[in-house]
Amino acid sequence: MNYEVIIIGGGPAGMSAALVLGRSRIKSLVLNAENPRNSITTHSHGFLTQDGIHPSEIFKTAKEQLSKYTDVTYKNEKAIEVTKTDDYFEVRSEENSYSSNRVIIATGYRDNIKEVGIKGLEDVYGKSVYPCPFCDGFEMADKQLAVFGDAMMGPMFSKVIAHWSNDVIVFTNGEKVTDQELLKSLQTNNIRLIDKKIKQLKSIDGILSGIELEDDTIIKRQGGFIADTMAVENTNFARNLNVPIENGHFGMESYKVDENKETEIKGLYIIGDARSGWTGVAGAVNEGSVVGKAITHQIIEEHWK
């Protein structure tokens, strides 16, 4: 089964790339495990024309619209291995094996909230405690907010969250903030810091009501944001192929790509969360469109006599 392009991952980035390639009549295959990172949230925000829609509805619409492009084949299969030969890539799923000249990795990340180590956090994550203020800050504006993070990221993240609310408390869960400049900055901007260990989060139907500390004190809060979700890559394809890594935003690792999202391995592209750890829906759609157009131009040049 040979394709011109294989897209691994069917989130906003992968489906956007497939749409452009389909409209360019390039024979493409989408392999999607259908286990998206954002399925836990109640609504998706910040993507024009889809603001407030559940991620599953956005995916359903994308899949329906993609179905009219006969050059794109969509399969609900989980890719498990990508190998490179001198002439082509081979992608093996749990069911089949496929080959192509180009591969787009759009498999994203997954959050590991349990590893954060705060009892009750899983109950509120995606319902009243979120990782992205651009996605959910508007809905949480002017509420009593908590920011969860370590002694460095917690205070730094609170600077961003304070844009949406003037009632922000940073909880470092037992870590002491020793950076005097950070402490002074928090005090100057009226952000309270609590460095005691958290016993558990109190909530009702996923809505945060308070943070109970180990000394049984309960600090009332209506919602919050978390600086680090302990997210990891969904796949190790890029690492196994030894794609170089560089430092991205907020110290996160990012795969090194050019302006076309192509790696140093010719024909291998990485987009969306899979590339940088976090791009958001709108950013992922943009990267999918960029790589789809770039590949089309490359194929046009290859066919031009």
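What counts, and at which threshold
Residues numbered from 1 in each chain as written. Predicted model: local features only at pLDDT ≥ 70, side-chain atom pairs only at ≥ 80, totals over all residues. Heavy atoms only, no water. Helix = DSSP H or I, 4+ residues; strand = E, 2+ residues; numbered from the N terminus. Rg over C-alpha atoms; globule rule 2.2 N^0.38 Å. Buried < 20%, exposed > 50% of the residue type's maximum accessible area, 1.4 Å probe, protein only. Contact = heavy atoms within 4.5 Å. Areas by Shrake-Rupley, 256 points an atom, 1.4 Å probe, with all protein chains shown as cover. Salt bridge = Lys/Arg side-chain N within 4 Å of Asp/Glu carboxyl O. Pairing = 2+ DSSP bridges. Domains from an automatic or database assignment. Buried area = accessible area lost by both parts, 1.4 Å probe. Polar contact = N/O pair within 3.5 Å; in protein donor to acceptor, adjacent residues only side chain to side chain. Nonpolar A, V, L, I, M, F, W, Y, C, P; charged D, E, K, R; others polar. Core = buried A, V, L, I, M, F, W, Y, C linked by side-chain atoms within 4.5 Å. Axes fitted to C-alpha atoms, helices over the stretch in contact; angles between N-to-C directions. Phe/Tyr/Trp six-rings, centres within 6.5 Å; stacked < 30°, edge-to-face > 60°. Lys NZ or Arg CZ within 6 Å of the ring centre and 35° of its normal. Arc of directions from axis to C-beta.

- An unreviewed UniProt entry annotates the protein chain as NAD(P)/FAD-dependent oxidoreductase originating from Marinigracilibium pacificum.

Topic: the overall build of the protein chain
Next, step 1: Looking only at helices and strands, the protein chain has nine helices and 19 strands in total.
Next, step 2: Over its C-alpha trace the protein chain gives a radius of gyration of 22 Å, about what one expects of a compact globule, namely 19 Å for 305 residues.
Next, step 3: Taking the principal axes of the C-alpha coordinates as reference, the protein chain spans close to 70 × 35 × 30 Å.
Next, step 4: Residues counted as buried form 46% of the 305 residues belonging to the protein chain.
Next, step 5: Of all intrachain contacts in the protein chain linking residues separated by at least 6 positions in sequence, the fraction that spans at least 24 positions is 58%.
Next, step 6: Here the protein chain has roughly 16100 Å² of accessible surface; of this, 49% comes from carbon and sulfur atoms.

Topic: the pattern of salt bridges
Next, step 1: Summed over all chains, the structure comprises 12 salt bridges.
Next, step 2: Here Arg102 makes a salt bridge to Glu302, at a shortest N to O gap of 2.5 Å. Of the two residues, Arg102 sits in strand 6 (residues 97–105) while Glu302 sits in helix 9 (residues 280–303), which places them 200 residues apart along the sequence.
Next, step 3: Arg102 gets classed as buried once you look at its relative accessible area, which sits at 6%.
Next, step 4: In this structure, Asp167 engages Arg221 in a salt bridge whose closest nitrogen and oxygen atoms are separated by 3.1 Å. Residue Asp167 is found in the loop between helix 5 (153–161) and strand 10 (168–171), and its partner Arg221 is found in the loop between strand 14 (218–220) and strand 15 (223–226); the two are separated by 54 residues along the sequence.

Digging into the pairing of strand 3 (residues 72–75)
Next, step 1: Strand direction decides the pairing type here: strand 2 (residues 28–31) and strand 3, joined by four bridges, are parallel. Bridging across to strand 3, Ser28 finds its partner in Val72.

Re the sheet that holds strand 10
Next, step 1: In spatial order, the strands read 8-15-9-10-11; together these five strands make up an open sheet with parallel pairing. Each edge of the open sheet is held by one strand with a lone partner, namely strand 8 (129–130) and strand 11 (192–194).
Next, step 2: Relative to strand 11, strand 10 runs parallel, the two sharing three bridges. Residue pairing across strands places Val170 opposite Leu193, the latter belonging to strand 11.

What to know about the domain arrangement of the protein chain
Next, step 1: Looking at the protein chain, the domain boundaries give domain 1 (5–111 + 231–304) and domain 2 (113–226).
Next, step 2: The straight-line distance from the C-alpha centre of domain 1 to that of domain 2 is 33 Å.
Next, step 3: Of the residues lining the interface, seven residues belong to domain 1; the matching set on domain 2 comes to nine residues.
Next, step 4: Summing both sides of the interface, domain 1 and domain 2 together bury roughly 790 Å²; the carbon and sulfur share of this comes to 59%.
Next, step 5: When the buried surface of domain 1 facing domain 2 is broken down by residue, Ile40, His45 and Trp278 rank first, second and third, together holding 57% of it.
Next, step 6: Joining domain 1 to domain 2, the criterion identifies zero salt bridges.
Next, step 7: Our count for the domain 1 to domain 2 interface comes out at one residue pair in polar contact (both at pLDDT 80 or more).
Next, step 8: A per-class count over the side of domain 1 that touches domain 2 returns two nonpolar, four polar and one charged.

Quick notes on the nonpolar core
Next, step 1: By size, the foremost hydrophobic cluster in this structure holds 21 residues, and its most contacted members are Ile6, Ile8, Val91, Val103, Ile105, Val243 and Leu268.
Next, step 2: Sorting the residues of this core by element identifies strand 1 (2–8), strand 2, strand 4 (79–84), strand 5 (89–93), strand 6, helix 7 (237–240) and strand 19 (268–270) as the ones contributing at least two each.
Next, step 3: With sequence-adjacent residues up to four places away left out, Leu268 is seen in contact with Phe89, Val103, Ile105, Leu241, Val243, Lys261, Glu262 and Thr263.

Some details on the sheet that holds strand 14
Next, step 1: The sheet built from three strands is open, its strands ordered 12-13-14 with antiparallel pairing. Sheet topology places strand 12 (198–204) and strand 14 at the edges, where each strand pairs with a single neighbour. Within the sheet, the average angular offset between the axes of one strand and its neighbour, ignoring direction, is 25°.

Here's the deal with the packing of aromatic side chains
Next, step 1: Across all of its chains, the model carries five aromatic pairs by this definition.
Next, step 2: Ring centres of Tyr130 and Phe225 lie 6.2 Å apart, and the angle between their planes is 50°; on these two criteria the pair is classed as tilted. Note that Tyr130 is positioned in strand 8 and Phe225 in strand 15, a separation of 95 residues in sequence.
Next, step 3: The ring centre of Tyr3 lies 5.4 Å from the NZ or CZ of Lys27, which sits over that ring.
Next, step 4: For the cation-ring pair, Lys84 lies above Phe89, with the distance from its terminal atom to the ring centre recorded as 5.2 Å.

Thoughts on helix 4 (residues 133–140)
Next, step 1: Here helix 4 has its buried residues at Pro133, Asp136, Gly137 and Met140. Down the axis of helix 4, the buried side of the element spans an arc of 125°, and every buried residue falls inside it. Facing away from the buried side of helix 4, by more than 90 degrees, are the exposed residues Phe134 and Phe138.
Next, step 2: Looking at the buried positions of helix 4, the neighbouring elements they touch are strand 8, strand 9 (145–148), helix 5 and strand 15.
Next, step 3: Phi for Asp142, located one or two positions after helix 4, is positive at around 65°.

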